[in-house]
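Architecture at a glance
Listed below, chain by chain, are the residues.
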There are 2 protein chains.
Amino acid sequence: MTSIAADPTDSVFVRACRGEPVEHTPVWFMRQAGRSLPEYRELRAEAGLSMLETCRRPDLVTEITLQPVRRHGVDAAVFYSDIVVPVAAAGVGVEIVAGTGPVVAEPIRSSADLARVGRAEDADLSFVEEAIRLLIPKLEGTPLIGFAGAPFTLASYLIEGGPSRSHAKTKALMHGDPQLWHGLAERLAEITSTFLRVQIDAGASAVQLFDSWAGALSEADYRRFVLPHSAAVLQEIGPVVPRIHFGVGTAHLLTAMAEAGADVVGVDWRTPLDQAAALVNVADLRLDGSEPGPARPRAVQGNLDPALLSAPWEVVDHEVRRVLAEGEAAPGHVFNLGHGVPPEADPAVLTRIVELVHKISVR
Amino acid sequence: MTSIAADPTDSVFVRACRGEPVEHTPVWFMRQAGRSLPEYRELRAEAGLSMLETCRRPDLVTEITLQPVRRHGVDAAVFYSDIVVPVAAAGVGVEIVAGTGPVVAEPIRSSADLARVGRAEDADLSFVEEAIRLLIPKLEGTPLIGFAGAPFTLASYLIEGGPSRSHAKTKALMHGDPQLWHGLAERLAEITSTFLRVQIDAGASAVQLFDSWAGALSEADYRRFVLPHSAAVLQEIGPVVPRIHFGVGTAHLLTAMAEAGADVVGVDWRTPLDQAAALVNVADLRLDGSEPGPARPRAVQGNLDPALLSAPWEVVDHEVRRVLAEGEAAPGHVFNLGHGVPPEADPAVLTRIVELVHKISVR
């Protein structure tokens, strides 16, 4: 590894995020660290700790974050954590139940409930800083992506009390008590900004804001209730490091999610990357600033359908080539799946995808 | 009730589906018959029969189908059944498990498995015919909407063995063994066509094809693997009665779903009806026929977010008015929710919505 390659801010991944020339298309996988890897499952079984306890142990976080980098040779590491980690640090009683997801003991549905959510400045995130300081030298130049859940997705867990398909209580609260909604979303935006800031200050070279469930909203509701809070996070963070903004089922929201302040928009498998690149780059036409100067074109990330990881290799090979070809139309392309690695994915297929992307995308 | 109003083919609902002038916007609710109504839960408890047994009892089907018409005063009844009813009649071992959905004992994943799926002509659907012949006089002119699941959504249950969020096995089979996929989808299209044909012949005045999970697919996959089979169903049925074609999360598929041969496209809450009306009416521009003559403009159905049924009434009132205003841009509008009535919905809110739609949409 040359000394130039060892500077993560000059890595292929970071340059692709910025739309700069790259030697090949970089690739990483959402949820690459974790449940799909046997070495992860062994480590968790040996440690015998809950998910949240694991996230608070810098030595374990370091090892888990490194595992997929070692195994797959991906172009970026992603900080191993959970979206509820900073919320738990801010005093919300939450547990991650295996097979279910985050479960909140006392859901937030009133101003009295909101008062129980601590402030960002009171959250002790020293274990995050320590984990990243341990990680950076071991990554030997591989860039680290900082990780956080966006205010809407976090709020849905807090309001519903757990995962929800309909987000009914969340939507009823947004529309029925907008003041309480905005109060909660502002609080979560502050906590999220702090969580990302700690990661950047400790050495993360990029961040990804996961608004996994934003696709459940119409564009009108997204713009009214969600965009201002995600924008507060992204604009507070950027543009020091590239900011990736991702959600699932967001074909109708890509322009709005770009407007929130992303350098890279993550796209699920429903929208081809050439169409997505056009949608995320019309955003500035809607801004009303006087002479804002030319905006940097936005890159895209994605978007192999994770459901196809279990298809025969010829299918995967064909789809990887299609995604790369469609990504050529974007100002920058980071290869990824269209959603997280499924728990049952065969890690050997992921490794083979990394090799294929690297081989056929050489400039 | 006048004798003219008593002809269901001249009802407000059917005329709105055809884009003809109407005195007010018609309204019905997907899943209006069933789980949200106390009289339904009582009847099921008294009968002590499984869901599929209930669907095979013409007397019970008649009563359940009538319940929401009596209670809410909706402009159409929808035949009470389940999408797996015709598949079960064709010999597939399937049960509906409360709280889960359809569960298939031996999933279809090979040509040998496909051979176990019977042919449409072998399915005994006489109980459907009998139920509808009982129903029509009791409906006193209220039109009846026939009901069926589309080939993709049915195939997903058969391949996965039950409900799935990722549809991973289905997608892997489509791409990995297209011949088997198309064989299964053709078989299901025949079964679905037969199921709808029986309902139309017995007196249904419209049909709705539910492709509930189509939104999980990219447009390219939808066009390659699904559209031809849904088109086979819709084109075989129409245009004798209006055909409604519905899916969830289909912002990116509305044009393709219209092209499959719908007179009305059902839209979830993610796409405003004015945008949807434009998307479903560009479809014919893509057809390559020589002088096909002017196509009838397509109507839209939807699209109040069912998650908002639990919001304060002022919110519901505001959203109903917005949906009606956006629907004005369409050649025809049938008011509905953007997805089925949730089990926990308050029936009184649904009744109030019917009254509001009727009151404020008077021409």
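Residues numbered from 1 in each chain as written. Chains lettered and ligands numbered in written order. Predicted model: local features only at pLDDT ≥ 70, side-chain atom pairs only at ≥ 80, totals over all residues. Heavy atoms only, no water.

**Description of the interface of chain A and chain B**
Many analyses report the size of an interface as the accessible area lost when the parts associate. Counting residues at the interface gives 24 residues for chain A and 24 residues for chain B. In total, about 2,000 Å² of surface goes out of reach between chain A and chain B, with carbon and sulfur atoms giving 59% of it. Across the chain A-chain B interface, the total number found is two salt bridges. Between K171 of chain A and D305 of chain B there is a salt bridge; the shortest N-O distance is 2.7 Å. For the pair chain A and chain B, the interface holds six residue pairs in polar contact (both at pLDDT 80 or more). Elements that contribute at least two residues to the side of chain A that touches chain B include exactly α9 (168-176) and α14 (313-327) of chain A. (Contact = heavy atoms within 4.5 Å. Buried area = accessible area lost by both parts, 1.4 Å probe. Salt bridge = Lys/Arg side-chain N within 4 Å of Asp/Glu carboxyl O. Polar contact = N/O pair within 3.5 Å; in protein donor to acceptor, adjacent residues only side chain to side chain. Helix = DSSP H or I, 4+ residues; strand = E, 2+ residues; numbered from the N terminus.)

**Describing the UniProt feature "site: Transition state stabilizer" (unreviewed entry) in chain A**
Residue and element names in this part refer to chain A. Mapped onto the present numbering, the UniProt feature "site: Transition state stabilizer" (unreviewed entry) falls at D82. Within the secondary structure, D82 sits in the loop between β1 (77-78) and α5 (85-89). Assessed through its relative accessible area of 14%, D82 is described here as buried. Among residues more than four places away in sequence, those in contact with D82 are M51, C55, I96, P102 and F147. (UniProt positions renumbered as here; feature names shortened; annotations may be inferred. Buried < 20%, exposed > 50% of the residue type's maximum accessible area, 1.4 Å probe, protein only.)

**Examining the sheet that holds strand β6 (residues 243-246) of chain B**
Residue and element names in this part refer to chain B. The seven strands are arranged β1-β4-β5-β6-β7-β8-β9 in an open sheet whose pairing can be described as parallel. Strands at the two margins of the open sheet, each flanked by one partner only, are β1 (77-78) and β9 (333-337). Bridge count for β1 against strand β4 (residues 144-149) is two bridges, and the pairing is parallel. Opposite A77, over in β4, you have L144 as the bridge partner. (Pairing = 2+ DSSP bridges.)

**Here's the deal with the side chain of T65 of chain B**
Residue and element names in this part refer to chain B. With respect to the element layout, T65 can be found in helix α4 (residues 58-72). You can call T65 buried: its relative accessible area is 0%. Once you skip the residues sitting within four places of it in the chain, T65 turns out to touch A33, A77, V78, F79, Y80, L135 and L144.

**Some details on the packing of helix α2 (residues 38-47) of chain B against α4 of chain B**
All names here are of chain B. At a closest axis distance of 10 Å, the pairing of α2 and α4 adopts a crossing angle of 165°. Judged on the interaxial angle alone, α4 and α2 are roughly antiparallel. Here the hand of the crossing between α2 and α4 comes out right-handed. Every residue of α4 that contacts α2 at P38, E39, Y40, L43 and A47 is listed here: L60, E63, I64, Q67 and R71. For the contact of α2 with α4, the class distribution of residues is six nonpolar, one polar and three charged. (Axes fitted to C-alpha atoms, helices over the stretch in contact; angles between N-to-C directions. Parallel < 35°, antiparallel > 145°, perpendicular 65-115°, else oblique. Left-handed = near helix turned anticlockwise from the far one by under 90°. Nonpolar A, V, L, I, M, F, W, Y, C, P; charged D, E, K, R; others polar.)

**Describing the relation of the copies chain A and chain B**
Between chain A and chain B, the superposition needs a rotation of 180° and an axial shift of 0.0 Å, giving an RMSD of 0.0 Å. Each copy turns onto its partner about a two-fold axis. When the interface residues of chain A are mapped onto chain B, 100% of them again fall at the interface, so both copies present the same face. (Least-squares fit on C-alpha atoms with pLDDT ≥ 70 in both.)

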